[in-house]
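Observations on chain architecture
Each chain, letter by letter, is given below.
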Amino acid sequence: DPVREHTRTGLSKAALMQAYIDNLFYIQGRFREVATPHDRYMAAAFTARDRLLDRWLKSAQVFKTTHARTVCYLSAEFLLGPHLLNNLVNLGITRASREAATEMDLDFNAILEEEEEPGLGNGGLGRLAACFMDSLSTCQIPAIGYGIRYEFGIFDQAIEDGWQVEKSDTWLRNGNPWEIPRPKIRFPVLYGGYTQSYQDQDGRARTRWVPDQEIDGMAYDTPVLGYGVGNVNLLRLWKAEASQSFDFQAFNVGDYYGAVHAKIEAETISKVLYPNDEPEAGKALRLKQQFFFVSCSLQDMIRLHLNTVGPLETFADKFVVQLNDTHPSLAVAELMRLLMDEQGMEWEPAWDITRRTFCYTNHTLLPEALETWSVNLFERLLPRHLEIVYEINRRFLDEVRMRFLGDESRVARMSLIAEEGVRRVRMAHLAVVGSRAVNGVAALHSELVKTTILKDFHDLWPEKFHNVTNGVTPRRFMVVSNPRLAHLITEVCGDDRWIRDLGRLRELESHADDPEVQARWRQVKTAAKQDLAVWLRQNTGVELNPAVMFDVLAKRFHEYKRQHLSILHVIRCYQRLKQNPGQEMVPRAFVFGGKAAPGYYLAKLIIKLINSVAEVINHDPQVNGSIRVVFMPDFNVKNGQRLYPAADLSEQISLAGKEASGTGNMKFSMNGALTIGTLDGANVEIREEVGAENFFLFGMTVDEVRQKQSAGYRPWDIYNGDPELKADIDLISSGLFSYGDTNLFRPLTDHLLHQDPFMVLADYRAYLDCQERVGAVWRDPAQWDRMSILNVARMGKFSSDRAIREYAERIWQIEPLPVALN
Ligand SMILES: CCc1ccc([C@H](C)CC(=O)N[C@@H]2O[C@H](CO)[C@@H](O)[C@H](O)[C@H]2O)cc1
């Protein structure tokens, strides 16, 4: 009956109002007068969800009947962010929803604020996976995202007495309306034990794995709708469960803990996300987590293939699997095990399928982030996979020896096993050997991958190496987070086709000097700054004036990202104002944000320093008229969406050669911020696109860094050679920012003066001079607005749609498969 059909799928205001009322009643069991904010959010969420499921089922039917070639994106992290508004935008019903809310006298923004964000990631890598899922659907490429449904995601960050305090992330406590539990889609995951070789019925040598632990992985599905299309892809996240959750025999003998032991043991595997963003933990549970989702995902793909296509010989034609860094690289060995031990395939055909199935993306050059697992741990947890890794290695090193006769040192360097000291399995090597394509995430980074960490492999297989520069989705990071700017751009461009074709932003170029457009552009920025100022006052007590320059540095804390270089600039500004109060200085608000891995002491000390400097400056009437400092707590996707639209200046100041790409740099620039940055990662390409004259560049290049390091870098000499630098570091050591305690920041100042591995002191002077140039341009609003408009106009390249199209054409060889909207 049309009324019923209409209520669950209708996109009109009336249909949405009816659906909301129905959901409040039939799902939340509430009528309006007694509904809680959470009830209202859930009713709104289910209203959107129904419209998603409608398109999802149509997509699933099309993909099933057409045996569509499918991309499987394996990632240990998916930093999705809040779903509701993003789904309303992709459904094209934001206006109807707002009007429905107004008509029912509901506070639409309050409903949005109610949503807990699924923080199933640490930073760049996890958010990139989420942007790619949005673009895979929008570009109509059949895809499945596979990952882990952590019960506890990235910790919530509180700042107490200037220190980061981690709070566990109970994102599931109020339920999750966006996922569909799939109790019937579950797979056994094995650990430990030993292997046994035997003869099968045809007399062929076979190996069986006799594990000492078996758990289950159960699927939870989240639909991922594209923007303005009928295509909905699947995000399938696995939860660990005991295959037998209650041991009644133990209970009968009163061993109550024993009765639930297996359940607790099993569930720990998907209990919590490891909060490390570069240094690897090397913890056994982390390896168990990686194998857990890899095994479930590959078993699921084999099930889908056998059910839809048939014999596995064509597996690599149906599925292409992208390994998001080395975290899922066990997949290479696990697919071999499943094809040989479970599907009875011989090594060669199994290896041929494996090598044609996988592709690997590297996201970091930092040696401490390149995962290696001790052979002992590997053998203890995954004895069968170690055998397979050894055999892959034996055959691979034969190939290397053939190609590079007598070059045993190259053989040792390329081996999957690091033999010196504790023997370790090099996961990046396993990923490269088992993949048909390897890519970096920005042009500079991909060059460095080929000339440094994977040089030997590039010498052997140059054709395998590619670059695909990262991108971000303009839906979430422009339309959802900055609707005022989106409306203005649509008006100036004449239509909203730019949202799916970001190159159309070029239309703005011709308006860059138009005073009327500039005025409206500045209004949009000021309004976003006002919103942020209100949020910051409510959540930190710090008052910011939206008329001053908002200078923003927000990303995970890591020494290579050099947040401590920025705080030295803040201290320089402070000293200048203190030493000559009358001095005219461009007023600025320095906004910092970002989490530090809980075990990363120096990063946490930098957070403390920022908050301590803020304390002194914000309470000093001699300077707080010109400069203010604030630390935005709990930088996550939701708070990022408040920050990106409100920034005037985007700080991208990592040491050249260290930031693989960066994606925050793209989000800030797409929202009209100008960038001060080094020639690192994607900064290089942003500067190429927006024009060198519209980018504040400073600092050493990668080559200059290498030269200075090989010449012997002595930060102490720079400290003694630059009086302002000396004064700034001495002020930190003086205890002025720590109530006279001269020891608090000593670990940081000592580290800077004696090691400074990321050459903060070497780039200090160039950075300060560049900040002077920034101030000079800020004094000319018309020029600043012109540069801001040109920055946005030329950001088309950095849409994740472009990145996905490049993966599809150059790496995955997959065609879009459109699903009709209705
Ligand atoms: C094993 C611990 C661990 C956890 C995460 C990682 C990630 C690779 C770190 C990460 O997020 N890298 C970032 O990836 C982004 C997406 O490609 C890039 O834009 C960033 O430059 C890069 O730091 C390494 C090691």
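Residues numbered from 1 in each chain as written. Predicted model: local features only at pLDDT ≥ 70, side-chain atom pairs only at ≥ 80, totals over all residues. Heavy atoms only, no water.

Regarding its fold elements, the protein presents 34 helices and 24 strands. In terms of overall size, the protein behaves like a compact globule, its C-alpha atoms giving a radius of gyration of 27 Å where 822 residues would be expected to give roughly 28 Å. Projected onto the principal axes, the alpha-carbon positions of the protein cover approximately 90 × 75 × 60 Å. Counting only residues that meet the buried cut, the protein has 62% of its 822 residues in that class. Looking at the protein as shown, the accessible area adds up to about 30,300 Å², and 53% of this sits on carbon and sulfur atoms. (Helix = DSSP H or I, 4+ residues; strand = E, 2+ residues; numbered from the N terminus. Rg over C-alpha atoms; globule rule 2.2 N^0.38 Å. Buried < 20%, exposed > 50% of the residue type's maximum accessible area, 1.4 Å probe, protein only. Areas by Shrake-Rupley, 256 points an atom, 1.4 Å probe, with all protein chains shown as cover.)

On to the side chain of serine 295. Mapped onto the fold, serine 295 is located in helix α10 (residues 284-308). A residue is classified by how much of its surface remains accessible, and serine 295, at 1% relative accessible area, is buried. Serine 295 has contacts with Pro188, Val189, Glu334 and Arg337, leaving out every residue within four places of it along the chain. (Contact = heavy atoms within 4.5 Å.)

Below, the discussion takes up the site of the ligand. As a matter of local geometry, the ligand sits amid 21 residues, with His363, Asn470, Glu659, Ser661 and Gly662 nearest to it. One of the backbone N or O atoms of leucine 125 is found 3.0 Å from an oxygen atom in the ligand. In the environment of the ligand, an oxygen atom lies 3.0 Å from a nitrogen or oxygen atom belonging to the backbone of serine 661. Contact with the protein chains removes 98% of the 570 Å² of surface that the ligand exposes when unbound. Counting residues per element, the shell around the ligand draws most heavily on helix α7 (residues 124-138), which supplies 3 residues. (Near = heavy atom within 4 Å. Polar contact = N/O pair within 3.5 Å; in protein donor to acceptor, adjacent residues only side chain to side chain.)

Let us look at the packing of aromatic side chains. Summed over the entire model, instances satisfying the criterion amount to 26 aromatic pairs. Ring centres of phenylalanine 246 and phenylalanine 251 lie 5.6 Å apart, and the angle between their planes is 50°; this geometry places the pair in the tilted category. Take phenylalanine 246: its relative accessible area is 32%, and that puts it in the partly exposed class. Here phenylalanine 251 falls in the partly exposed class, since its relative accessible area comes to 33%. With 6.4 Å between their ring centres and 35° between their planes, phenylalanine 457 and tryptophan 461 make a pair best called tilted. The same class applies to phenylalanine 457 and to tryptophan 461, which are both buried. Chaining the aromatic ring pairs together yields one cluster made of Tyr73, Phe132, Tyr807 and Trp812. Between the NZ or CZ atom of lysine 318 and the centre of the ring of phenylalanine 319, over which it lies, the distance is 5.3 Å. The side chain of arginine 522 reaches across the aromatic face of tryptophan 778, ending 5.6 Å from its centre. (Phe/Tyr/Trp six-rings, centres within 6.5 Å; stacked < 30°, edge-to-face > 60°. Lys NZ or Arg CZ within 6 Å of the ring centre and 35° of its normal.)

This part covers the packing of helix α4 (residues 84-91) against helix α5 (residues 94-103). Packing of α4 against α5 brings their axes to within 7 Å, and their N-to-C directions diverge by 120°. When the interaxial angle is binned, α4 and α5 end up oblique. Counting all contacts with α4, which are made through Leu85, Leu88 and Val89, the residues of α5 involved are Thr94, Ser97 and Arg98. Here the residues of the contact of α4 with α5 sort into 3 nonpolar, 2 polar and 1 charged. (Axes fitted to C-alpha atoms, helices over the stretch in contact; angles between N-to-C directions. Parallel < 35°, antiparallel > 145°, perpendicular 65-115°, else oblique. Nonpolar A, V, L, I, M, F, W, Y, C, P; charged D, E, K, R; others polar.)

What follows deals with the sheet that holds strand β15 (residues 417-418). Read across the open sheet, the 3 strands follow the order β14-β16-β15; overall the sheet is antiparallel. Each edge of the sheet is formed by a strand with only one pairing partner; in this case those strands are β14 (372-374) and β15. The pairing of β15 with strand β16 (residues 424-426) spans 2 bridges and is classified as antiparallel. Residue pairing for β16: isoleucine 417 is matched across the bridge by valine 425. (Pairing = 2+ DSSP bridges.)

What follows deals with the domain arrangement of the protein. Splitting the protein by domain gives domain 1 (1-65 + 92-116), domain 2 (67-82 + 117-468) and domain 3 (482-711 + 763-805). If you look at the interface, domain 1 gives 17 residues, while domain 2 gives 25 residues. Taken together, the two surfaces of domain 1 and domain 2 that pack against each other cover about 2,000 Å², and 61% of this comes from carbon and sulfur. For the domain 1 face of the interface with domain 2, the top three residues by lost area are Trp56, Phe63 and Glu116, together amounting to 40%. Across the contact surface, domain 1 and domain 2 share 1 salt bridge. (Domains from an automatic or database assignment. Buried area = accessible area lost by both parts, 1.4 Å probe. Salt bridge = Lys/Arg side-chain N within 4 Å of Asp/Glu carboxyl O.)

Attention now goes to the pairing of strand β8 (residues 194-199). Judged from the 6 bridges that link them, β8 and strand β9 (residues 205-210) form a sheet pairing that is antiparallel. Note that in β9 the partner of tyrosine 194 across the bridge is valine 210. With antiparallel pairing between neighbouring strands as the criterion, β8 and β9 make up a hairpin whose turn holds 5 residues, including glycine 203 at a positive phi of roughly 75°.

Taken over all residues, the pLDDT of the protein has a mean of 96, while the share at 70 or more is 99%. Interface confidence for the predicted complex, expressed as ipTM, amounts to 0.98; the pTM equals 0.98. (pLDDT = per-residue confidence, 0-100.)

Moving on, we get to the nonpolar core. The tendency in soluble globular proteins is for nonpolar side chains to be buried as a group. Among the nonpolar cores identified, the biggest contains 280 residues, and Leu74, Phe292, Ile489, Leu508, Phe696 and Trp812 are the most heavily contacted of them. Those residues in contact with tryptophan 812 that sit more than four places away from it in its chain are Arg69, Val71, Leu136, Val320, Gln322, Cys359, Arg436, Ile804 and Tyr807. (Core = buried A, V, L, I, M, F, W, Y, C linked by side-chain atoms within 4.5 Å.)

Within the secondary structure, threonine 490 sits in helix α21 (residues 483-493). Residues threonine 490 and methionine 478, spaced 12 residues apart in sequence, show a C-alpha to C-alpha distance of 12 Å. Excluding residues that lie within four positions of it along the chain, threonine 490 makes contacts with Asp495, Asp496 and Trp498. At 2.9 Å, the side chain of threonine 490 and the side chain of tryptophan 498 are in polar contact.

What follows is about the sheet that holds strand β23 (residues 674-677). As summarised here, the arrangement of the 6 strands in space is β21-β20-β19-β22-β23-β24, forming an open sheet in which the pairing is parallel. The sheet is open, and its two edges are formed by β21 (627-632) and β24 (696-697), each paired on a single side. Sheet topology places β23 next to β24; 2 bridges connect them, and they run parallel. Directly across from glycine 677, in β24, lies its bridge partner leucine 697. Where helix α24 (residues 601-618) meets the sheet, its contacts fall on β20 (588-593) and β21, and the angle it forms with β21 comes to roughly 140°.

Here we come to a nonpolar patch on the surface. On the surface, a nonpolar cluster with roughly 550 Å² of combined accessible area is contributed by Phe25, Tyr26, Ile27, Phe31 and Val34. Taking the relative accessible area as the measure of exposure, valine 34 reaches 40% and is therefore partly exposed. (Patch = residues over 30% accessible without salt bridge, like charges linked within 9 Å, V, L, I, M, F, W, Y side chains within 5 Å.)

A word on the UniProt feature "modified residue: N6-(pyridoxal phosphate)lysine" (unreviewed entry) in the protein. Under the UniProt annotation, the feature "modified residue: N6-(pyridoxal phosphate)lysine" (unreviewed entry) is placed at Lys667. Setting aside chain neighbours within four positions, we find lysine 667 in contact with Arg127, Val472, Phe477 and Tyr644. (UniProt positions renumbered as here; feature names shortened; annotations may be inferred.)

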